[in-house]
Amino acid sequence: VDIVLVRGGRVLTLDDRATEVPRGDVLISDGLITAVGPDLVAPPGAQVLDATGDLVLPGLVDTHRHTWQTPLRHRGAQWSMDDYRDRLLGPVGARYQPEDVYAGTLLGALAALDAGITTLVDWAHIQNTPAHSDASVTALRESGIRAVFAHGWPIHPGGGPAQARTHPADIRRVRTDLLPDDAALVTLAMGARGPDYAGLPATRHDLALARELGIPITAHIASGRFGASRRGIADLAGAGLLGPDLTVVHANGAGDEDLRRLADAGCPVSISPQIELTMPGLGASVAVRRLLDAGIHPGLSVDSETVASADLFTQMRFALAAHRAGDPEQAGPPLPALEVLRMATVHGARTAGLTDRVGSLVPGRAGDLIVLRADAVGWAPVRAAADAVVLAAHPGMVETVVVAGRVLKRDGRLLADVARARDLATATAGRVIGPE
Ligand SMILES: [Zn+2]
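Conventions used here
- Residues numbered from 1 in each chain as written.
- Predicted model: local features only at pLDDT ≥ 70, side-chain atom pairs only at ≥ 80, totals over all residues.
- Heavy atoms only, no water.
- Core = buried A, V, L, I, M, F, W, Y, C linked by side-chain atoms within 4.5 Å.
- Buried < 20%, exposed > 50% of the residue type's maximum accessible area, 1.4 Å probe, protein only.
- Helix = DSSP H or I, 4+ residues; strand = E, 2+ residues; numbered from the N terminus.
- Salt bridge = Lys/Arg side-chain N within 4 Å of Asp/Glu carboxyl O.
- Phe/Tyr/Trp six-rings, centres within 6.5 Å; stacked < 30°, edge-to-face > 60°.
- Pairing = 2+ DSSP bridges.
- Expected span 1.5 Å × (residues − 1).
- Axes fitted to C-alpha atoms, helices over the stretch in contact; angles between N-to-C directions.
- Parallel < 35°, antiparallel > 145°, perpendicular 65-115°, else oblique.
- Left-handed = near helix turned anticlockwise from the far one by under 90°.
- Contact = heavy atoms within 4.5 Å.
- Nonpolar A, V, L, I, M, F, W, Y, C, P; charged D, E, K, R; others polar.
- Polar contact = N/O pair within 3.5 Å; in protein donor to acceptor, adjacent residues only side chain to side chain.

Describe the nonpolar core, and please don't skip the residues or the numbers.
One finds Phe149, Leu262, Met316, Leu341, Leu372, Trp379 and Val389 to be the most contacted residues of the largest nonpolar core, which totals 109 residues. Considering each element in turn, this core owes the most residues, 8 residues, to helix 2 (residues 98-114). With 15 residues, the next largest nonpolar core counts Val4, Val21, Leu361 and Leu369 among its residues.

The structure is reproduced here in structure tokens:
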């Protein structure tokens, strides 16, 4: 049994009462948290990590990232959503071979870990062949991250999301042969096209398939202008197809009535504040304030590193700013930083379909945590911990990362072959990008 004791830190449990232990220990045994509190005794053989004076938090949860796109980082700085579809999803995605999916997924997962993200929803709409699916799962497992592999659809030359097609049947093989265990480190979800792209009949088929397989579903619905031009949420609600197992990505184009429909059905929502505010066509708005008004606590997501940074600290700050910007008269109080931190942890866990498994440091939950250096020169003296994290933390402050009791980052360095992952991704970029 692997035992890890993280000792002497200022522990933000993110439990229901946001309990903070000023000088506490976290004990992880066999992959699960077994105790949180002051002065725990280290069992024989325990690996002891000193966190004296530092902040100890639950690992962060990224609820939607197209990890396969990592080799194409920052290429989309000037892209609109149409450019993203026509220049990336079509031609480049069709060129992706399984080894390119592997390279992108591995580098992206390592970057997520480096930034303190211990759970990643890998939104993989790059299932060109079954070997592509295998490559995604292999890379996620090798990285050591906790992942929900959201199995998507293939990208064919010349086209973005194919219209009115049903989900690839190979997801049955993935469920049976690759990811049958919902308690494993890597689990399965369906990354569905959803009603805005595939229409209601195909979506009805896809949701039934996912529910037959017993896996959660995630779909981009009401993204930017699609909220007004297509009726995805209303159609799903009318058909009785919404439910807590269906996570809606973006929803920033949804009207308040549609948000109420999501709230009534218990649908989680993943928001990507950085890309939603910066990519033309994605609406230039984040639904954070309207979601909270509707009673929905969203999870946060990076979405695509073609346009966004690899970490969730950036998303937290964009969410905070978007909330403020949604109240131009500044009539209401600012969003508390603690609530933003919950979006990146406990609310993210629910949005990822991992309710009660990750997102807080509570006995019985997964042994996933991060340690942030409190003495960093750009940070000390830290007083209110959640305020400091949300306003000013960055991946360089992430000293230690533990996933399921395995130490994956220590003393500020990833315990992985980063150079290999970088070289593979560089080679992929050279292969898949045509003349620019
Ligand atoms: Zn997306």
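Now that the structure is up, let's keep going.
Explain the pattern of salt bridges residue by residue, including any values.
Taken as a whole and judged by the stated rule, the model has 24 salt bridges. Residues Asp82 and Arg225 are paired through a salt bridge, measuring 2.7 Å at the closest nitrogen-oxygen approach. One end of the pair, Asp82, is in helix 1 (residues 81-95); the other, Arg225, is in the loop between strand 10 (217-221) and helix 6 (226-229), and 143 residues separate them in sequence. Residue Arg324 pairs with Asp327 through a salt bridge whose shortest N-O separation is 3.1 Å. The network of salt bridges with shared partners includes Asp62, Arg65, Arg73 and Glu305.

Before we move on, can you summarise the packing of aromatic side chains with the specific residues and values?
All told, the structure shown has 3 aromatic pairs when counted by the stated rule. Between Trp123 and Trp153, the aromatic rings sit 5.7 Å apart at their centres with planes inclined by 80 degrees, giving edge-to-face as the arrangement. Here Trp153 lies in the loop between strand 8 (146-151) and helix 4 (171-178) and Trp123 lies in strand 7 (residues 117-124), a separation of 30 residues in the sequence. Residue classification places Trp123 among the buried positions, given a relative accessible area of 0%. The interplanar angle of 75 degrees and the centroid separation of 5.4 Å between the aromatic rings of Tyr197 and Phe226 together place this pair among those described as edge-to-face.

Give a detailed account of the pairing of strand 14 (residues 369-372), specifying residues and quantitative values.
Because side chains alternate across strand 14, one face comprises the buried residues Leu369 and Val371, and the other comprises Ile370 and Leu372, equally buried. Of the strand pairs in this sheet, strand 5 (residues 55-58) and strand 14 are connected by 4 bridges, and their pairing is antiparallel. Within strand 14, the position partnered with Pro58 by the bridge is Leu369.

Describe helix 2, with residues and values.
Relative to the 24 Å expected for 17 residues at 1.5 Å per residue, helix 2 spans 24 Å between its end C-alpha atoms, a close match to the ideal helical length. Within helix 2, 15 of the 17 residues are buried, leaving the element largely enclosed by the surrounding structure. Among the residues trailing helix 2, Gly116 stands out with phi positive, at a value near 85 degrees.

Give a detailed account of the packing of helix 2 against helix 3 (residues 130-143), specifying residues and quantitative values.
Where helix 2 contacts helix 3, the axes come no closer than 8 Å and their chain directions differ by 30 degrees. As far as their axial angle goes, helix 3 and helix 2 are roughly parallel. You can see that helix 2 and helix 3 cross each other, and the crossing is right-handed. Touching Pro98, Val101, Tyr102, Thr105, Leu106, Ala109, Leu110 and Leu113 of helix 2 are Ala131, His132, Ala135, Ser136, Thr138, Ala139, Leu140, Glu142 and Ser143, all from helix 3. Looking at the contact of helix 2 with helix 3, its residues break down into 11 nonpolar, 5 polar and 1 charged.

Break down the sheet that holds strand 12 (residues 269-271) for me, citing the residues and quoting the values.
Strand order across the open sheet formed by 8 strands is 6-7-8-9-10-11-12-13, with parallel pairing between neighbours. A single partner strand is all that each edge strand has here, and the edge strands are strand 6 (60-65) and strand 13 (299-300). Where strand 8 meets strand 9 (residues 186-192), 5 bridges bridge the pair, whose relative direction is parallel. Among the inter-strand pairings, Val148 is bridged to a residue of strand 9, identified as Thr187. Packed onto the sheet, helix 2 meets strand 6 and strand 7 and runs at close to 150 degrees relative to strand 7. Across the sheet, helix 3 lies against strand 7, strand 8 and strand 9, angled at about 170 degrees from strand 8, the strand it touches most.

Quick rundown of the environment of Cys267? Include the residues and the values.
By secondary structure assignment, the location of Cys267 is in the loop between helix 8 (256-265) and strand 12. The sequence separation of Cys267 and Val248 amounts to 19 residues, and the corresponding C-alpha distance is 6.9 Å. Contacts of Cys267, omitting those with residues within four sequence positions, involve Leu242, Gly243, Pro244, Leu246, Leu262 and Ile296.

Mind laying out the side chain of Ser360, listing which residues take part and the relevant values?
On the secondary structure map, Ser360 appears in the loop between helix 13 (346-351) and strand 14. At 2.6 Å, the side chain of Ser360 and the side chain of Arg365 are in polar contact.

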